[in-house]
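Coordinates in review
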Amino acid sequence: MIDFTNLPTRKKAYGGANGSKLSVIYNNELYMLKLPMHALKNPSLSYTNSCTSEYLGCHIFNMLGIKAQETLLGEYEYHGKVKNVVACKDFTSPNTTIVDFASVKNQIIDSASNGYGTELSDILDTIQKQNAVDPKELEEHFWNMFVIDAFIGNWDRHNGNWGFLYNQETDEMKIAPIFDCGSSLFPQIDDELIKKVISSKAEMNARVYDMPTSAILVDGKRGNYHKMITSLKYRGCTDAVKRIAPRINLEDINILIDEVEQLTQLQKDFLKAILKLRKELILDATLKEIEK
Ligand SMILES: Nc1ncnc2c1ncn2[C@@H]1O[C@H](COP(=O)(O)OP(=O)(O)OP(=O)(O)O)[C@@H](O)[C@H]1O
Ligand SMILES: [Mg+2]
C-alpha cells in the first residue's frame, strides 16, 4: 500500500465539491490526492468508498479503450487517523489547462440553458455548435462516456466532470482524459446493506433498473440509464453500445476488483455481481434489441 503522507507538496489547488484535495509529488510527477468524504447518506459508514470507485471507474474506462486519468490507491495519515485515498496523476502541463464542458457550453450564445445545464438535447446541440474539437468526435466521446457511466453506475457526470485540455500556446483543444468517477459503483453502500441486497433479486434489479440515475436530464428529469439505452431512441448511444459492449471482459474486471486491498470480500462480491448484472440487463439487452 502506498503511503502518500510525507510526500513533497505543491501549492496547486483543485476544485470540486466531493472531498478535500492536496497536490503532491510522487515519483517525480504531480498528483491530485483525493481524500474520502463523510458518507452523508449513510451514517453507519464513516467515509464513502469514493476513492476505490474513482480508481476502479478510471481503470474500467482505460480497459475499454477510453483514455482516463491514471490513478493509484494508497493511504494518508492525518491527525493520527489513516484514510484511504486515491492519487490522480495531473494531466495538465504548464501550457495545457483543463477546460470543462460547462465552459465550452457557455460559448454557445443561444444555448437553452447555462454551462451547467445538463438537458440532453441542449448538450447535443452544444456538441454540434462548439468549435473546440470535431463535433463528430465529440459526440462519439460523449456517448462512449455515457455508456460506460451506465455500466459503472455513475451518478455525477455533470458538465464540470468532463471536458477538454486547452493549449494556450497553440490555441488548440483536445478531449481530456476521463476524470471524476468517484460517484460510480455505489460508493455509499456498506457491508450490512450489501448482505441484504446481494441475496435479493429485487434489490439487485433495482440497482440496475432504477438507480443510480444519470446526471443527464431528459425533459428536466434525471435520465434512467436502462430506459434511455435500451429504448434505442438515441442513435449515437446505440452506436456506442455496439462499440463498447463487446470490449467488456468481466474476468479482467473481476481480477482488477480482487486486487483492491481496501475493499472487503463482501464489497468485492457485490461489485462483481452488480457489474455483471448491469452489463447483462442494460448493454447485452440493448444488443439483443438491435438484432431484433
Ligand atoms: N487528473 C487531473 N489532472 C488535473 N486536474 C484534474 C484532474 N482530475 C480532476 N481535475 C480538476 O480538479 C477538479 C476536481 O476534481 P474532481 O472532479 O475529481 O473532484 P470532485 O470533488 O469529485 O468533484 P465534484 O464536485 O464534481 O464531485 C476537476 O473539476 C478538474 O478541474
Ligand atoms: Mg468533479
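Being a predicted model, the structure only gives us computed values, none of them experimental.

What follows deals with helix α4 (residues 135-152). When the terminal C-alpha atoms of α4 are compared, their 26 Å separation across 18 residues agrees well with the 26 Å that a helix rising 1.5 Å per residue should span. Counted residue by residue, α4 has 13 buried out of 18 residues, so it is predominantly covered. Phi for G153, located one or two positions after α4, is positive at around 65 degrees.

The next thing to look at is the coordination of the magnesium ion (ligand 2). Only N161 (OD1) and D180 (OD) from the protein coordinate the magnesium ion (ligand 2), and they sit 2.1 Å from it. With N161 in the loop between α4 and β7 (163-167) and D180 in the loop between β8 (172-175) and α5 (191-198), this pair connects stretches of sequence that are 19 residues apart. Under the relative-accessibility criterion, N161 is labelled buried at 5%. For D180, a relative accessible area of 18% translates into the label buried.

A few words on the sheet that holds strand β4 (residues 71-78). Across the sheet, which stays open at both edges, the five strands sit in the order β1-β4-β5-β3-β2 with mixed pairing between neighbours. Edge strands, defined here as strands with exactly one partner in the open sheet, are β1 (2-3) and β2 (21-26). Bridging between strand β3 (residues 29-34) and strand β5 (residues 81-89) involves four bridges; their strand directions are antiparallel. Directly across from M32, in β5, lies its bridge partner C88.

Glancing now at the pairing of β5. Relative to β5, β4 runs antiparallel, the two sharing eight bridges. Within β5, the position partnered with G74 by the bridge is V85. Hairpin remark: β4 followed by β5, antiparallel, with two residues in the connecting loop; positive phi at H79, about 50 degrees.

A few words on the sheet that holds β7. Taken in spatial order, the three strands make up an open sheet running β6-β7-β8, and their pairing is antiparallel. Two strands close off the open sheet at either side, each with one partner strand: β6 (96-100) and β8. The sheet shows a mean angle of 30 degrees between the axes of neighbouring strands, direction not considered. By the bridge criterion, four bridges tie β7 to β8 in an arrangement that is antiparallel. Note on β8: the bridge partner recorded for Y166 is M173.

Here is what the cut-offs are and how they apply
- Residues numbered from 1 in each chain as written.
- Chains lettered and ligands numbered in written order.
- Predicted model: local features only at pLDDT ≥ 70, side-chain atom pairs only at ≥ 80, totals over all residues.
- Heavy atoms only, no water.
- Helix = DSSP H or I, 4+ residues; strand = E, 2+ residues; numbered from the N terminus.
- Expected span 1.5 Å × (residues − 1).
- Buried < 20%, exposed > 50% of the residue type's maximum accessible area, 1.4 Å probe, protein only.
- Donors = N, O, S within 2.8 Å, 3.2 Å for Na, K, Ca; no water.
- Pairing = 2+ DSSP bridges.
- Axes fitted to C-alpha atoms, helices over the stretch in contact; angles between N-to-C directions.

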